[in-house]
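What the coordinates show
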Amino acid sequence: MSQPRPGSAPGLNSRAILDYCRSDVDGILDSLRRAVEIESPTSSKPHIDRLAAFYAGEFRRLGAKVRVLGHPTAGSSVLGELFSRPPGPRQQAKPLLLLGHLDTVWDVGTLARMPFRVRGGLAYGPGILDMKSGIVCGLWAIRALRALGHRPARPVRFFLNSDEEVSSVAFRKQIIAEARKAHAVLVLEPAVPGGALKTARKGVGEFRIAVRGRSAHAGVNPAAGVNAIAELARQILRIETFARPRQGLTLNVGVIRGGTRTNVIPEYAAASIDVRVPRQRDQAAIKRRVYGLKPIHPEARLEIEGGVNRPPMERARAVDLFRHARRLGEQLGMDLKEASTGGGSDGNFTAALGVPTLDGLGGVGDGAHAVDEHVIIRELPRRAALLAAMLATL
Ligand SMILES: [Zn+2]
């Protein structure tokens, strides 16, 4: 597949774009505040729908053709189509996909104790970094291009997913379909603290292992029982040997449950395991090993389910885009670095298709999923300008 070709669009004045974005920091911040103040936990469809409607309005104000994609149980997603061309030869240009998500990990009511607030050059609030700031940067990138009369050579499609924080089940097909059509995918997840872009992400998986044993009275008839907890404990020690931390393949047995009373030999125990894989080939290998587990106690039974649900985003898919972003960043006075992360995003799906994908283009700050979640305000116009320059030159 064709890689994005680095280069500058004729007449692109990145300083002018930056000046435009900087001149409207108040506008950026106000739009961010309004988004943060619409709480949007993945689990609450009415809340996500409200935020979807808010962004649909923002897209329309930018002249986008907007589709709100409904779902019977999950919140709605939003697709904005911008810079589409009239029929003609250039219509064939593959679009650029801006990818964001509406949902946050914060329950309704969080705002009451963690309100949007600005202090010391930082803006705080639930979901502000992950990723409402990224969406705002995307909006202002388009605004700046429009205001300065730049027309990107490619159409831009801006997709806001509603359930990224729970592995993107509801609209995964649509995300994949959008990515397949795209020349490149720019993911608006936050930067690594410090500002680095994300060129690699590990794949993420979850396995669940249940043990069926046999209950018995622990005092009267212990030999009749098959202790499911003891079996599971032994299996966990085996599972831990599957990790290859030096290569970045890690496992965490994060949840375990089983048993009823101390005087009952437990017939059931289960564990959930988080798995992170750096390369696509690790994905099949770890699955084979977990599903290959055999009972140690001859009368115990194992039930295994799960697997890797987000494939790794390998650096090869991002490196050309990163170099391009780095060059544009230099024109904007930014010294952009690249980094990899163990966390997954929707970029994992798009990169796994072989589509060039660069992630971490959203806000810069710290505390994603934590009570001190915040963004650095002066970085917002710079990130918006960088996105605008990317859209104009890819
Ligand atoms: Zn996110």
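Within any chain, residue numbers begin from 1 and follow the written order of that chain's sequence. In keeping with the model being predicted, local features are shown solely for residues with a pLDDT of at least 70 and side-chain atom pairs are shown and tallied solely at 80 or more, while totals for entire chains, interfaces and linings include all residues. Calculation of side-chain values draws on the structure's entire complement of heavy atoms; hydrogens and water are dropped beforehand.

A look at the overall build of the protein chain
Runs of E in the DSSP output that reach at least two residues are strands. Runs of H or I that reach at least four are helices, and both are numbered from the N terminus. Looking only at helices and strands, the protein chain features eleven helices and 18 strands. Restricting the calculation to C-alpha atoms gives the radius of gyration, and the globule rule supplies 2.2 Å times the number of residues raised to the power 0.38. Taking 394 residues into account, the globule formula puts the C-alpha radius of gyration at 21 Å, and the protein chain, at 24 Å, falls close to it. Accessibility here uses a 1.4 Å probe with only protein chains present; expressed as a share of the type maximum, an area under 20% marks a residue as buried, one over 50% as exposed, and anything in between as partly exposed. The proportion of buried residues among the 394 residues of the protein chain is 53%. Relative to all contacts within the protein chain whose residues are 6 or more apart in sequence, the contacts with residues 24 or more apart total 81%. Only the protein chains shown count as covering a residue, and every accessible area follows the Shrake-Rupley method with a 1.4 Å probe. When the accessible surface of the protein chain is totalled, it reaches about 16800 Å², and 51% of it is carbon and sulfur. The convention is simple: Lys and Arg are positive, Asp and Glu are negative, and His and the chain ends are not counted. To locate a charge, the coordinates of NZ of Lys, CZ of Arg, CG of Asp or CD of Glu are taken. For the protein chain, the distance from the average position of its 57 positive side-chain charges to the average position of its 37 negative side-chain charges is 6 Å. For this analysis, residues touch if any pair of their heavy atoms sits within 4.5 Å.

A word on the packing of helix α2 (residues 25-36) against helix α3 (residues 45-61)
Each packed pair of helices is defined by two parameters, the angle between the axes and the distance between the axes. Axis definition: a line fitted to C-alpha atoms, over the contacting stretch in the case of helices. Angles run 0 to 180 degrees between N-to-C directions. In the contact formed by α2 and α3, the axes pass within 10 Å of each other and the chain directions differ by 155°. Relative to α3, α2 is oriented roughly antiparallel. For the pair α2 and α3, the contacting residues are Ser-31, Arg-34 and Ala-35 in the first and Leu-51, Phe-54, Tyr-55, Glu-58 and Arg-61 in the second. Of the residues in the contact of α2 with α3, the class split is four nonpolar, one polar and three charged. Angles below 35 degrees are treated as roughly parallel, those above 145 as roughly antiparallel, those between 65 and 115 as roughly perpendicular, and all remaining angles as oblique. Charged residues are taken to be Asp, Glu, Lys and Arg, nonpolar residues to be Ala, Val, Leu, Ile, Met, Phe, Trp, Tyr, Cys and Pro, and polar residues to be all remaining types, Gly included.

Side note on the sheet that holds strand β16 (residues 357-358)
Strands were regarded as paired on the criterion that DSSP finds at least two bridges between them. Across the sheet, which stays open at both edges, the six strands sit in the order β1-β2-β6-β3-β7-β16 with mixed pairing between neighbours. The open sheet has two free edges, formed respectively by β1 (65-69) and β16, since each of these has just one partner strand. Two elements, strand β3 (residues 96-101) and strand β6 (residues 156-161), share six bridges in a ladder whose sense is parallel. Paired with Leu-97 across the strands is Arg-157, a residue of β6. Its contacts with the sheet put helix α5 (residues 128-147) on β2 (77-82), β3 and β6, and the angle it makes with β3 is roughly 145°. In the packing of helix α11 (residues 379-393) onto the sheet, contacts are made with β3, β6, β7 (184-187) and β16, and the angle to β3 comes to roughly 150°.

Let's talk about the side chain of Arg-382
Along the chain, Arg-382 falls in helix α11. A polar contact is formed between the side chain of Arg-382 and the backbone oxygen of Gly-333, at a distance of 3.2 Å. We define a polar contact as two N or O atoms separated by no more than 3.5 Å, with the added condition that, inside protein, one atom must be a possible hydrogen donor and the other a possible acceptor, whereas residues neighbouring each other in sequence contribute only through side-chain atom pairs.

Digging into the packing of aromatic side chains
Ring pairs are drawn from Phe, Tyr and Trp, using the six-membered ring of Trp, whenever the two centres fall within 6.5 Å, and their geometry is named by plane angle: stacked under 30 degrees, edge-to-face over 60, tilted for the rest. Scanning all chains against the criterion turns up three aromatic pairs. Ring plane angle 70° and centroid distance 6.2 Å describe the contact between Phe-207 and Tyr-291, whose orientation is recorded as edge-to-face. Pair noted here: Phe-207 is in strand β9 (residues 203-212) and Tyr-291 is in helix α8 (residues 280-291), with a separation of 84 residues, a long-range link. Over a ring means this: the NZ of a Lys or the CZ of an Arg is within 6 Å of the ring centre and within 35 degrees of the ring normal. Sitting over the face of the ring of Tyr-124, Arg-117 holds its NZ or CZ atom 4.4 Å from the ring centroid. Over the aromatic face of Phe-83 sits the side chain of Arg-146, whose NZ or CZ is 4.5 Å from the ring centroid.

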